[in-house]
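Tertiary structure, described
Letter by letter, the chains look like this.
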There are 6 protein chains.
Amino acid sequence: MKRPIVVINPNSSETVTEGLREALAGFMHHPGIAIECLTIAEGPPGVITQRHLDEAALNVGKVVEARPDAGAFVIACYSQPGLDLARSLTKVPVYGIQDAGALTALAAADSFGVIAVSPASIPRHLRTLRRLGVEQRLAGEVALSGNISVADSGHGEESFAGLLEAGEELKRMGAGAIVLGCAGMSGHRQRLEAALSLPVIDPTQAAVAVAFGDMVTRLP
Amino acid sequence: MKRPIVVINPNSSETVTEGLREALAGFMHHPGIAIECLTIAEGPPGVITQRHLDEAALNVGKVVEARPDAGAFVIACYSQPGLDLARSLTKVPVYGIQDAGALTALAAADSFGVIAVSPASIPRHLRTLRRLGVEQRLAGEVALSGNISVADSGHGEESFAGLLEAGEELKRMGAGAIVLGCAGMSGHRQRLEAALSLPVIDPTQAAVAVAFGDMVTRLP
Amino acid sequence: MKRPIVVINPNSSETVTEGLREALAGFMHHPGIAIECLTIAEGPPGVITQRHLDEAALNVGKVVEARPDAGAFVIACYSQPGLDLARSLTKVPVYGIQDAGALTALAAADSFGVIAVSPASIPRHLRTLRRLGVEQRLAGEVALSGNISVADSGHGEESFAGLLEAGEELKRMGAGAIVLGCAGMSGHRQRLEAALSLPVIDPTQAAVAVAFGDMVTRLP
Amino acid sequence: MKRPIVVINPNSSETVTEGLREALAGFMHHPGIAIECLTIAEGPPGVITQRHLDEAALNVGKVVEARPDAGAFVIACYSQPGLDLARSLTKVPVYGIQDAGALTALAAADSFGVIAVSPASIPRHLRTLRRLGVEQRLAGEVALSGNISVADSGHGEESFAGLLEAGEELKRMGAGAIVLGCAGMSGHRQRLEAALSLPVIDPTQAAVAVAFGDMVTRLP
Amino acid sequence: MKRPIVVINPNSSETVTEGLREALAGFMHHPGIAIECLTIAEGPPGVITQRHLDEAALNVGKVVEARPDAGAFVIACYSQPGLDLARSLTKVPVYGIQDAGALTALAAADSFGVIAVSPASIPRHLRTLRRLGVEQRLAGEVALSGNISVADSGHGEESFAGLLEAGEELKRMGAGAIVLGCAGMSGHRQRLEAALSLPVIDPTQAAVAVAFGDMVTRLP
Amino acid sequence: MKRPIVVINPNSSETVTEGLREALAGFMHHPGIAIECLTIAEGPPGVITQRHLDEAALNVGKVVEARPDAGAFVIACYSQPGLDLARSLTKVPVYGIQDAGALTALAAADSFGVIAVSPASIPRHLRTLRRLGVEQRLAGEVALSGNISVADSGHGEESFAGLLEAGEELKRMGAGAIVLGCAGMSGHRQRLEAALSLPVIDPTQAAVAVAFGDMVTRLP
């Protein structure tokens with residue numbers, strides 16, 4: 001029986017979940033490993049406020065309990081709601097995408113920069129990096145200017161221009177790799193990488209890579 | 001054209017390279033991605049001394065120059081000889097297995113312990129962790145007792161008993177995950193994980209997972 | 001109008017809340033400042049699991065919204081559920097008792113030790129200390145042996161013996177002050193201090209001291 | 001018998017001591033706790049040079065020895081002269097205001113900024129923060145422009161304008177709270193807080209809050 | 001005109017000063033550089049308490065002012081009394097022996113251990129290491145057992161036995177070099193080094209080496 | 001028999017080696033200690049690329065093996081090629097000039113800045129500082145503008161102007177001392193120090209001072 005990697009989008013936007021499926025399509029070819037991207041229908045349209053996050057944590061916990069068949073979970077929101085809860089409820093690995101994104105960046109470069117969707121999320125992200133213990137390797141975190149939603153952050157010229165501007169600032173700050181600080185930006189990853197000449201890490205892809213690697217090496 | 005992930009074993013032991021192939025077999029099913037494990041024939045039977053490492057660095061550099069077709073390189077020796085050199089010679093990603101192993105452990109747990117083949121390598125590993133910036137999350141590093149070679153470290157009851165003893169000590173020291181501190185121990189990974197009830201990370205598998213994830217998400 | 005310091009006990013145990021009132025009695029004399037200790041009736045009898053904490057966060061948020069009259073909030077659970085949420089919902093100061101306890105210890109001594117009610121809470125506490133940025137000054141954290149509840153941890157000979165044993169171990173580990181790692185241990189504070197010849201910090205008292213000082217210096 | 005909190009102003013300026021009394025008036029209502037602010041008459045008019053500090057240390061030591069009745073001491077100079085000496089001479093708690101100010105800021109916010117009276121004192125303050133172990137949470141320290149004395153730093157439009165300018169710069173640097181880096185600035189605290197929309201910490205108030213909280217919870 | 005390196009012994013023991021002269025004899029051959037070891041006659045017989053240190057600071061300041069001819073100063077007491085004061089009074093370099101000893105150890109090894117004369121001085125030394133910023137490289141600090149004075153710590157079998165015991169413990173703790181944590185132990189340096197097979201650093205020699213090197217490279 | 005301090009210039013430029021001899025002339029007066037500066041003839045004209053460094057490591061190892069008479073080795077290239085190898089091949093001390101330069105700066109000042117010859121070497125230097133454990137005390141590292149070679153960096157008005165510009169920037173960044181980030185800049189040391197009013201450290205002089213001090217205190 002295949003035990004799927006369950007990728008949880010804690011917001012209610014099917015558009016965002018569909019974007020995750022596209023971002024992860026490369027992994028979906030293996031006969032022994034399934035990847036399933038779920039939308040939490042009762043979640044908010046976007047996980048923006050701290051209340052959204054704290055409610056999302058409980059929703060993530062419900063998904064984990066509802067899926068005893070899962071082989072691993074990935075929490076596909078950069079603020080990683082419910083990471084500790086999920087780990088307390090299951091023995092299979094649970095990955096948060098901020099952790100996986102930052103750590104994958106450090107596997108490729110000496111330091112990294114992060115592009116956030118909004119300035120309000122930056123202090124929250126920094127708390128998580130301190131908890132993870134790698135904040136000394138952060139060159140900086142910069143928010144997209146303008147008012148771009150998670151769902152829009154991976155498509156269109158306006159959001160690409162914002163990503164490029166932020167990425168260039170992070171490069172000047174010394175970043176050796178760029179982490180996309182949101183689950184919805186993957187559509188711009190390769191174009192941004194070409195424009196910046198720096199590795200660009202999509203954090204959901206990074207987390208799924210770790211989960212996939214862990215599972216694929218256990219198959220009989 | 002497939003651009004392979006080239007996994008470099010800097011010692012001359014085909015047995016070790018064959019062990020890498022086994023450890024990585026799970027990744028070798030994708031029609032678009034090849035994984036190639038190379039032995040450096042002119043390397044020493046085992047990379048043990050600092051001289052071995054410094055010579056291995058240049059050998060790794062030669063491989064990188066000889067393989068402009070590669071899509072990524074993994075340096076499959078825990079001391080990561082030639083990591084900086086390889087990165088200076090190619091634009092494709094180069095991963096060291098110590099870095100990838102430690103970072104993958106931190107994606108799954110709050111702290112990690114490392115099992116080294118010999119005590120002499122521990123100070124060297126600590127220098128690398130300081131350079132990477134995550135030494136604060138190291139619960140400890142413990143060497144196998146007895147005199148076990150890299151090639152033998154992944155097979156047989158004697159080496160398993162050593163791994164188990166070291167792993168239990170690291171668990172008492174607070175490790176939330178165990179990194180196998182050598183490219184040859186993967187054969188014992190799952191058994192050790194079951195015995196310790198802790199995630200056990202094989203560093204070569206961890207590095208290839210990152211490389212695989214990076215490449216598979218770029219395929220058209 | 002007096003704006004009270006609202007001290008939130010996120011568990012449903014009135015015994016624990018009554019213990020908080022006793023621990024804070026010294027502050028309750030000022031004509032201009034009220035201190036109110038609330039029990040969250042819908043909370044669990046004890047906040048023990050990660051799910052308890054994540055549910056408690058939302059409960060704490062409800063209290064904060066229900067009390068626009070408050071001058072400050074103190075979250076009287078060592079794991080500080082809802083700290084970020086509460087801060088996002090109000091402009092008045094919100095203090096977590098782990099933060100306040102650790103910081104108050106450092107105002108009096110070079111390093112501190114923490115006595116936890118149970119070993120399971122230690123990794124959680126360490127994550128919070130890393131986030132706060134003072135984990136380097138932690139001499140150690142030790143759990144009470146035996147199976148003592150939060151409500152019992154501040155009364156009786158059995159729990160005192162446990163606190164003394166843990167405190168002596170922390171003193172040997174180099175702690176210059178001891179933080180009681182739970183909201184219910186204050187009953188033993190002075191006796192433990194005398195026995196150890198070290199400052200012993202009750203974290204709820206520490207947090208209320210900061211809140212009280214902040215408010216009392218603003219009175220007209 | 002009441003054991004007072006003895007607040008030591010190590011300079012000879014009665015104006016500064018009077019300012020301390022005003023800043024601390026809120027605490028002076030409790031029937032069981034006295035707060036006494038002392039001027040060291042043989043001190044310099046302002047503690048500015050390193051020699052002033054080293055002489056102040058011995059003067060502080062004399063006060064500590066002369067006051068065996070004290071329940072706690074607060075050294076009301078941001079450079080904390082005599083902190084180690086005082087602690088070696090008494091068993092009652094001794095608080096330095098830089099330590100207490102920084103730690104209290106961290107109980108309320110993720111990071112803090114400091115406003116110094118003069119640029120010359122900044123390296124000295126940074127050494128103290130490193131010793132305390134929280135320099136990583138410092139967003140920055142900025143000196144008042146112009147030539148404003150300690151005694152003048154808490155009164156008048158000129159010094160307020162300077163504080164505001166410095167505070168705004170610290171806010172841009174990411175400070176989540178502002179610590180007044182001198183014992184004489186408290187007069188501007190609330191006005192600055194309103195102007196900046198950030199918590200502003202007077203360090204003497206912060207230290208007395210900790211001392212008061214410690215004592216008030218020991219009263220029978 | 002020769003500008004001497006003035007080595008200040010802040011205690012009144014001529015025996016200790018004579019020991020410094022012996023320890024530094026090797027430097028005293030250069031026609032252009034003089035090394036002068038001074039006893040502070042009004043100092044205590046040994047600098048042991050914090051009061052001794054704070055008084056010593058002012059005495060060191062007096063020496064610095066009395067010697068405008070000096071080319072450099074070395075404060076030959078491991079707790080470095082008066083380091084900041086001396087630096088504020090002169091433009092020539094001032095070196096503290098704890099700083100120089102620790103830093104010289106790190107020029108030779110990955111980590112270091114310190115042997116203290118008495119346990120009471122260890123917390124003081126740790127504060128200085130934190131201020132210097134290298135406490136992460138400290139493997140440990142261990143005090144001589146027994147009751148050995150500074151003057152006796154460099155001579156006789158009893159003190160050697162104590163140094164050896166402490167050194168062996170530090171070696172087990174992972175120290176790659178040993179710093180003698182007192183100005184009086186140099187007489188045992190070479191014997192201890194032979195017994196431990198580790199570099200042993202006398203901190204006064206280390207500080208004078210830095211001062212000597214700085215001056216000798218400026219001679220015309 | 002005199003056991004010389006062997007100073008190894010890993011590039012083939014006799015001009016650079018001659019510059020080392022001049023920089024070290026002050027040490028060459030002692031009847032019991034010889035200082036010998038060697039050029040590695042088979043090295044590259046300048047050690048610039050990572051390949052140069054990795055080849056230089058092996059060349060340094062050969063020198064160490066060829067000189068069993070040496071009393072100490074100094075690797076006179078700021079990137080310290082072969083430091084670990086040399087230490088594995090000999091029992092006498094081996095010093096790298098980056099380590100010695102940074103540590104000597106910290107013996108004189110709270111923080112330091114580094115002037116690099118080229119921007120490309122800065123990430124490499126930062127990795128070494130992290131490994132050494134003192135990167136927190138780095139105020140910044142700035143490269144010479146223009147295209148100045150190692151051999152030219154210590155002579156002429158153009159390179160002095162570049163050093164001055166970089167030094168002034170580092171002073172604004174808070175550096176309390178400046179380290180010349182290359183073995184060839186010593187010719188400008190004293191002039192730069194006068195212009196900046198800050199201590200300027202030549203790293204080769206710093207390393208030789210430590211080696212000289214170690215040896216001169218062992219002479220009979």
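Residues numbered from 1 in each chain as written. Chains lettered and ligands numbered in written order. Predicted model: local features only at pLDDT ≥ 70, side-chain atom pairs only at ≥ 80, totals over all residues. Heavy atoms only, no water.

Taken together, the contacts link 29 residues of chain B with 29 residues of chain A. For the pair chain B and chain A, the summed buried surface comes to about 2700 Å²; carbon and sulfur atoms form 56% of the total. Contact with chain A buries area across many residues of chain B, yet B:Ala107, B:Thr217 and B:Arg218 alone supply 20% of it, more than any other trio. Put simply, chain B and chain A have four salt bridges between them. In this structure, A:Arg218 and B:Glu193 form a salt bridge, with 2.4 Å as the shortest nitrogen-oxygen distance. For the interface between chain B and chain A, the tally reads 13 residue pairs in polar contact (both at pLDDT 80 or more). Of all elements in the fold, only strand E4 (94-96), helix H4 (97-108), helix H7 (189-196) and helix H8 (203-216) of chain B reach the threshold of two or more residues within the side of chain B that touches chain A. In terms of residue count, H8(B) provides more of the side of chain B that touches chain A than any other element does, seven residues in total. (Contact = heavy atoms within 4.5 Å. Buried area = accessible area lost by both parts, 1.4 Å probe. Salt bridge = Lys/Arg side-chain N within 4 Å of Asp/Glu carboxyl O. Polar contact = N/O pair within 3.5 Å; in protein donor to acceptor, adjacent residues only side chain to side chain. Helix = DSSP H or I, 4+ residues; strand = E, 2+ residues; numbered from the N terminus.)

Before going further, it helps to examine the pairing of strand E5 (residues 112-116) of chain A. All names here are of chain A. In terms of burial, E5 is a largely internal element, five of the five residues being buried. Judged by which residues are buried, E5 turns out to be covered on both faces: Phe-112, Val-114 and Ala-116 on one side and Gly-113 and Ile-115 on the other are all buried. Note that E5 and strand E6 (residues 138-143) share five bridges and pair parallel. The residue of E6 that forms the bridge with Ile-115 is Val-142. (Buried < 20%, exposed > 50% of the residue type's maximum accessible area, 1.4 Å probe, protein only. Pairing = 2+ DSSP bridges.)

Residues and elements named next belong to chain A. In terms of domains, chain A is made up of domain 1 (5-96 + 205-218) and domain 2 (98-202). Look at where the C-alpha atoms of domain 1 and domain 2 centre, and you get two points 20 Å apart. The interface of domain 1 with domain 2 comprises 18 residues on the first partner and 22 residues on the second. The largest share of the area that domain 1 buries against domain 2 comes from Tyr-78, Gln-205 and Ala-206, three residues that together contribute 41% of it. Seen at the junction of domain 1 and domain 2, the total is one salt bridge. Across the pair Asp-84 and Arg-131 runs a salt bridge whose closest N-O atoms are separated by 2.7 Å. One can count eleven residue pairs in polar contact (both at pLDDT 80 or more) joining domain 1 with domain 2. Elements that contribute at least two residues to the side of domain 1 that touches domain 2 include exactly helix H1 (14-23), helix H2 (50-66), helix H3 (83-89) and helix H8 (203-216). (Domains from an automatic or database assignment.)

Least-squares fitting of chain B to chain A yields an RMSD of 0.0 Å, with the superposition described by an axial translation of 0.0 Å and a rotation of 180°. A rotation of that kind, with that shift, is consistent with a two-fold axis. Most of the interface of chain B is mirrored in chain A, where 100% of its interface residues are also at the interface. (Least-squares fit on C-alpha atoms with pLDDT ≥ 70 in both.)

Another aspect to go through is the pattern of salt bridges. In the structure shown here, the tally under the stated rule is 78 salt bridges over all chains. F:Asp110 is the salt-bridge partner of D:Arg130, the closest N and O atoms lying 3.8 Å from each other. Of this pair, D:Arg130 sits in helix H5 (residues 122-132) while F:Asp110 is found in the loop between helix H4 (97-108) and strand E5 (112-116), placing the two residues in two different chains. Taking relative accessible area as the criterion, D:Arg130 reaches 6% and is therefore assigned buried. Classification of F:Asp110 by relative accessible area gives partly exposed; the value is 22%. When salt bridges that share partners are traced, they join A:Asp84, A:Arg131, B:Asp110, C:Arg127 and C:Arg130 into one network.

Glancing now at the sheet that holds strand E7 (residues 177-181) of chain A. Residue and element names in this part refer to chain A. Read across the open sheet, the four strands follow the order E6-E5-E7-E8; overall the sheet is parallel. One side of each edge strand has no neighbouring strand; the edge strands of this open sheet are E6 and strand E8 (200-201). Pairing analysis gives five bridges linking E5 to E7, with the strands arranged parallel. When the sheet's bridge partners are listed, Val-114 is paired in E7 with Val-179. The sheet contacts of helix H5 (residues 122-132) involve E5, E6 and E7, and relative to E6 the element is tilted by about 155°. (Axes fitted to C-alpha atoms, helices over the stretch in contact; angles between N-to-C directions.)

Attention now goes to unusual backbone geometry. Excluding glycine, most residues fall at negative phi; most peptide bonds, likewise, are trans. Residues and elements named next belong to chain B. For Gln-80, which is not glycine, the phi torsion reads 55° and is therefore positive. Here Gln-80 shows up in the loop between strand E3 (72-75) and helix H3 (83-89). Residue Gln-80 is classed as buried on the basis of its relative accessible area, which comes to 7%.

Right, let's talk about the arrangement of the chains for a bit. Regarding chain A and chain E, the two do not touch, and the least distance separating their C-alpha atoms is 15 Å. As for chain F relative to chain C, no contact occurs, and the smallest C-alpha gap between them is 15 Å.

The next subject is the confidence of the model for chain A. This prediction gives chain A a mean pLDDT of 95; 100% of its residues lie at or above 70. Scoring the predicted complex yields pTM 0.96 and, for the interface, ipTM 0.96. (pLDDT = per-residue confidence, 0-100.)

With that settled, the discussion passes to helix H4 (residues 97-108) of chain C. Residue and element names in this part refer to chain C. Here H4 is twelve residues long and its end C-alpha atoms lie 17 Å apart, about the 16 Å a rise of 1.5 Å per residue gives. Counting buried positions along H4 gives eleven out of twelve residues, so the element sits mostly inside the fold. Looking at H4, one finds that the buried residues are Ile-97, Gln-98, Asp-99, Ala-100, Gly-101, Ala-102, Leu-103, Thr-104, Ala-105, Leu-106 and Ala-107. (Expected span 1.5 Å × (residues − 1).)

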